[in-house]
Amino acid sequence: MTQTSEAAAVEETRSPGGFRIHRAWFVAAVTFVTIIGAAAFRSLPGLLIDPLHQDFGWSRGTIGAAVSVNLALYGLTAPFAAALMDRFGIRRVVAVALTVIAVGSGLTVWMTAAWQLMLYWGLLVGLGSGSMALAFAATVTNRWFTERRGLVTGILTAASASGQLIFLPLLSWMVEKHDWRPAAITVALAALAVVPFVWLLLRDHPADVGLKPYGAQEFVPKPAPVQGAARRAVTVLFKAARTGPFWLLAGTFAICGASTNGLVQTHFVPAAHDHGMPVTAAASLLAVIGVFDVVGTIASGWFTDRFEPRRLLAVYYALRGISLLFLPMLLAPSVHPPMLFFIVFYGLDWVATVPPTVALCREQYGEDSAIVFGWVLASHQVGAALIAFLGGVARDVFGTYDMVWYASGALCAAAALMALVIRRRPAVPAPAPGLATA
């Protein structure tokens with residue numbers, strides 16, 4: 001873009017006839033809807049364990065292993081996806097990712113062997129969902145906003161919970177009344193339905209529409225595509241791995257994943273069913289978690305803009321650990337007030353850890369923060385994958401999930417201490433938004 005066109009673009013944003021609401025908020029809205037549409041696949045694994053066990057005779061450990069592959073790839077793909085967005089743009093990467101999710105979910109309808117579950121649900125859906133991970137939200141936030149980043153991060157993080165809220169009751173009804181296959185097809189169609197919105201409405205950078213980032217004082221030209229996406233992702237990893245805060249952030253986020261996606265999202269429904277609770281009732285409780293997750297995550301983003309992120313993380317993990325220690329005593333054939341209290345509380349705390357973790361990555365690593373957060377998210381999903389697998393094995397061996405709940409509660413206490421150990425660092429000046437600075 002030439003200097004003249006840049007000046008014209010700046011003038012356009014100031015003109016009375018220009019946008020009254022900054023275009024960044026529309027981009028954030030499209031991103032929110034996109035994450036909601038892609039969230040359907042995250043609602044399904046916990047609903048599939050018992051039906052697949054009954055249909056094919058596969059052990060819960062085997063099914064948990066496929067879920068583990070999915071969760072691990074969800075995290076490990078994220079930093080490479082963030083770098084690919086630097087190279088090819090957000091729209092292309094996200095559109096391809098949604099298509100891969102749809103293909104993987106659709107193919108499960110014809111599977112007959114456990115290795116196919118690993119391939120379709122584990123590999124394909126894992127790779128596609130990894131490109132739709134929270135690094136996507138971090139990239140959009142870094143490019144389009146210089147103010148309200150904590151709030152926007154919280155809103156976009158809450159989109160996944162909103163998707164869970166929308167799809168989980170419907171999918172659980174399908175699984176119970178019809179079969180698990182219609183639910184898998186629904187996931188595929190939901191992912192495909194979002195692709196046109198991404199392609200037509202999402203924009204890679206404010207300069208594409210001649211605007212400044214929200215809150216920026218000056219117009220920022222769109223940076224050139226960054227070559228060597230994979231090399232950059234690995235280089236950033238090695239650079240960050242030489243610092244202590246990276247390992248503390250990765251460790252705490254691994255425990256976050258273990259205690260949410262890996263444990264509650266994957267094993268809560270079968271654990272509640274073990275105690276005589278109907279599947280639809282247990283799935284509805286998870287949906288309620290999604291309701292309060294939206295509130296908790298947005299509130300956490302607001303808090304992150306105003307309070308020290310380390311202390312927020314310590315409080316979140318400590319309270320989460322305490323609640324998990326009480327869960328085995330609350331599981332029963334029917335839903336009672338103490339269980340509802342646990343669900344509301346756990347929902348408020350579900351991914352409230354994301355905004356302060358993103359803020360700490362930005363504080364510690366500046367222009368590499370989105371890719372560093374992608375690697376931190378990878379640890380989140382590795383932790384989730386381990387618990388998804390070990391939780392299924394524990395259920396096969398002990399006939400109960402109790403030991404898994406207690407162990408996860410203890411891990412959350414350790415995460416609270418780790419968060420407090422992260423050293424403070426003076427805030428890095430906000431880089432010029434763009435994927436090269438994401």
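Worth saying up front: this structure is predicted, and the values here are computed from it rather than measured. (Residues numbered from 1 in each chain as written. Predicted model: local features only at pLDDT ≥ 70, side-chain atom pairs only at ≥ 80, totals over all residues. Heavy atoms only, no water.)

Enquirer: How would you sum up the overall build of the protein chain? Please name residues and give values.
Expert: Scanning the protein chain from N- to C-terminus turns up 19 helices and zero strands. For the protein chain, the residues scored as buried account for 60% of the 438 residues in total. Of all intrachain contacts in the protein chain linking residues separated by at least 6 positions in sequence, the fraction that spans at least 24 positions is 84%. By element, 69% of the accessible surface of the protein chain is carried by carbon and sulfur atoms, the whole surface being about 16,800 Å². (Helix = DSSP H or I, 4+ residues; strand = E, 2+ residues; numbered from the N terminus. Buried < 20%, exposed > 50% of the residue type's maximum accessible area, 1.4 Å probe, protein only. Contact = heavy atoms within 4.5 Å. Areas by Shrake-Rupley, 256 points an atom, 1.4 Å probe, with all protein chains shown as cover.)

Enquirer: Explain the packing of aromatic side chains residue by residue, including any values.
Expert: Describing an aromatic ring pair means giving the distance of the ring centres and the angle of the ring planes. One pass over the full model with this rule turns up nine aromatic pairs. Ring plane angle 80° and centroid distance 5.3 Å describe the contact between Phe246 and Trp247, whose orientation is recorded as edge-to-face. On the basis of relative accessibility, which here comes to 4%, the residue Phe246 falls in the buried class. Ring centres of Phe303 and Phe307 lie 6.0 Å apart, and the angle between their planes is 55°; on these two criteria the pair is classed as tilted. Judged by relative accessible area, Phe307 falls into the partly exposed class, the value being 48%. (Phe/Tyr/Trp six-rings, centres within 6.5 Å; stacked < 30°, edge-to-face > 60°.)

Enquirer: So what about the nonpolar core? Which residues, and what values?
Expert: Across soluble globular proteins, nonpolar side chains have a tendency to be buried as a group. The biggest cluster of nonpolar side chains holds 87 residues, and the ones touching the most others in it are Leu44, Leu47, Val264, Phe268, Met339 and Trp405. With 13 residues, the single largest contributor to this core is helix 13 (residues 244-274). Of the domains in this structure, domain 1 (23-209) and domain 2 (229-421) are the two that each give at least three residues to this core. Excluding residues that lie within four positions of it along the chain, Leu47 makes contacts with Leu168, Leu171, Ser172, Val175, Val269, Val279 and Ala283. Formed by 32 residues, the second largest nonpolar core is a distinct cluster that contains Val27, Ile35, Met132 and Ala137. (Core = buried A, V, L, I, M, F, W, Y, C linked by side-chain atoms within 4.5 Å. Domains from an automatic or database assignment.)

Enquirer: Break down a nonpolar patch on the surface for me, with residues and values.
Expert: A surface patch of nonpolar side chains, about 770 Å² in accessible area, is lined by Val315, Leu319, Ile322, Leu325, Phe326, Met329, Met403 and Tyr406. With six residues, helix 15 (residues 309-330) is the single largest residue contributor to the nonpolar patch. Take Phe326: it is sitting in helix 15. On the basis of relative accessible area, Phe326 is assigned to the partly exposed category, the value being 48%. (Patch = residues over 30% accessible without salt bridge, like charges linked within 9 Å, V, L, I, M, F, W, Y side chains within 5 Å. Salt bridge = Lys/Arg side-chain N within 4 Å of Asp/Glu carboxyl O.)

Enquirer: Report on the pattern of salt bridges, specifying residues and quantitative values.
Expert: All told, the structure shown has six salt bridges when counted by the stated rule. With its nearest N and O atoms 3.1 Å apart, the salt bridge here joins Arg320 to Asp349. Here Asp349 lies in helix 16 (residues 337-349) and Arg320 lies in helix 15, a separation of 29 residues in the sequence. In this structure, a network of salt bridges that share partners links the residues Asp55, Asp179 and Arg181.

Enquirer: So what's going on with the packing of helix 6 (residues 78-88) against helix 18 (residues 369-398)? Residues and values would help.
Expert: Remark: helix 6 packs on helix 18, axes separated minimally by 7 Å, with the N-to-C direction vectors making an angle of 155°. With respect to helix 18, the axis of helix 6 lies roughly antiparallel. Of helix 18, the residues touching helix 6 (which contributes Ala78, Pro79, Phe80, Ala82, Ala83 and Asp86) are Ile371, Gly374, Trp375 and Leu377. (Axes fitted to C-alpha atoms, helices over the stretch in contact; angles between N-to-C directions. Parallel < 35°, antiparallel > 145°, perpendicular 65-115°, else oblique.)

Enquirer: Got a sec to walk through the packing of helix 5 (residues 60-76) against helix 8 (residues 114-130)? Specific residues and values, please.
Expert: Where helix 5 meets helix 8, the closest approach of the two axes is 7 Å, and the angle between their N-to-C directions is 20°. It follows from the interaxial angle that helix 5 and helix 8 lie roughly parallel. Our pair here, helix 5 against helix 8, has a crossing hand that is right-handed. For the pair helix 5 and helix 8, the contacting residues are Thr62, Ile63, Ala65, Ala66, Val69, Asn70, Leu73 and Tyr74 in the first and Ala114, Leu117, Met118, Trp121, Gly122, Leu123, Val125, Gly126, Leu127, Ser129 and Gly130 in the second. Its residues placed into classes, the contact of helix 5 with helix 8 shows 13 nonpolar, six polar and no charged. (Left-handed = near helix turned anticlockwise from the far one by under 90°. Nonpolar A, V, L, I, M, F, W, Y, C, P; charged D, E, K, R; others polar.)

Enquirer: Summarise helix 6; cite the residues concerned and give the values.
Expert: The complete set of buried residues in helix 6 reads Ala78, Pro79, Ala81, Ala82, Ala83, Met85 and Asp86. Backbone geometry just after helix 6 places Gly89 at a positive phi near 100°.

Enquirer: An account of the environment of Ala384 is needed here, citing residue identities and associated values.
Expert: Counting through the fold element by element, Ala384 comes out in helix 18. For the pair formed by Ala384 and Gly262, sequence separation is 122 residues and the distance between their alpha carbons is 3.8 Å. Those residues in contact with Ala384 that sit more than four places away from it in its chain are Leu71, Ala254, Gly257, Ala258, Asn261 and Gly262.

Enquirer: Can you lay out the state of the cysteines for me, pointing to particular residues and giving the numbers?
Expert: Taken as a whole, this structure holds zero disulfides when the rule is applied. Take Cys412: it sits in no disulfide, and the sulfur closest to it among the cysteines is that of Cys256, at 8.1 Å. (Disulfide = S-S within 2.5 Å.)

Enquirer: Go over the environment of Ala413, please, and point to the residues and values.
Expert: Note on placement: Ala413 falls in helix 19 (residues 402-421). The sequence separation of Ala413 and Arg320 amounts to 93 residues, and the corresponding C-alpha distance is 8.4 Å.

Enquirer: Give a description of helix 18 that names residues and reports values.
Expert: Look at helix 18: 42 Å from first C-alpha to last across 30 residues, which is about the 44 Å you get at 1.5 Å a residue. Taking burial as the measure, the 30 residues of helix 18 include 22 buried ones, the bulk of the element. The positive-phi residue at the C-terminal boundary of helix 18 is Gly399, with phi of around 75°. (Expected span 1.5 Å × (residues − 1).)

Enquirer: Outline the side chain of Thr186, listing residues and values.
Expert: Looking at where Thr186 falls in the secondary structure, it is placed in helix 11 (residues 180-201). One polar contact links the side chain of Thr186 to the main-chain carbonyl oxygen of Pro182, over a distance of 2.8 Å. In this view, Thr186 contacts Leu170, Leu171 and Met174; residues no more than four positions away in its chain are not counted. (Polar contact = N/O pair within 3.5 Å; in protein donor to acceptor, adjacent residues only side chain to side chain.)

Enquirer: An account of the confidence of the model for the protein chain is needed here, citing residue identities and associated values.
Expert: Chain-level statistics for the protein chain give a pLDDT mean of 79 and a share of 86% at 70 or above. Per-element averaging of pLDDT across the protein chain places helix 1 (residues 3-14) at the bottom with 40 and helix 19 at the top with 91. Long-range and interchain partners of residues 1-19, a stretch whose pLDDT sits below 50, account for 16 contacts in this model, where long-range means more than four residues apart. Within the model, the stretch residues 427-438 combines pLDDT values under 50 with 43 contacts to residues more than four positions away or in other chains. (pLDDT = per-residue confidence, 0-100.)

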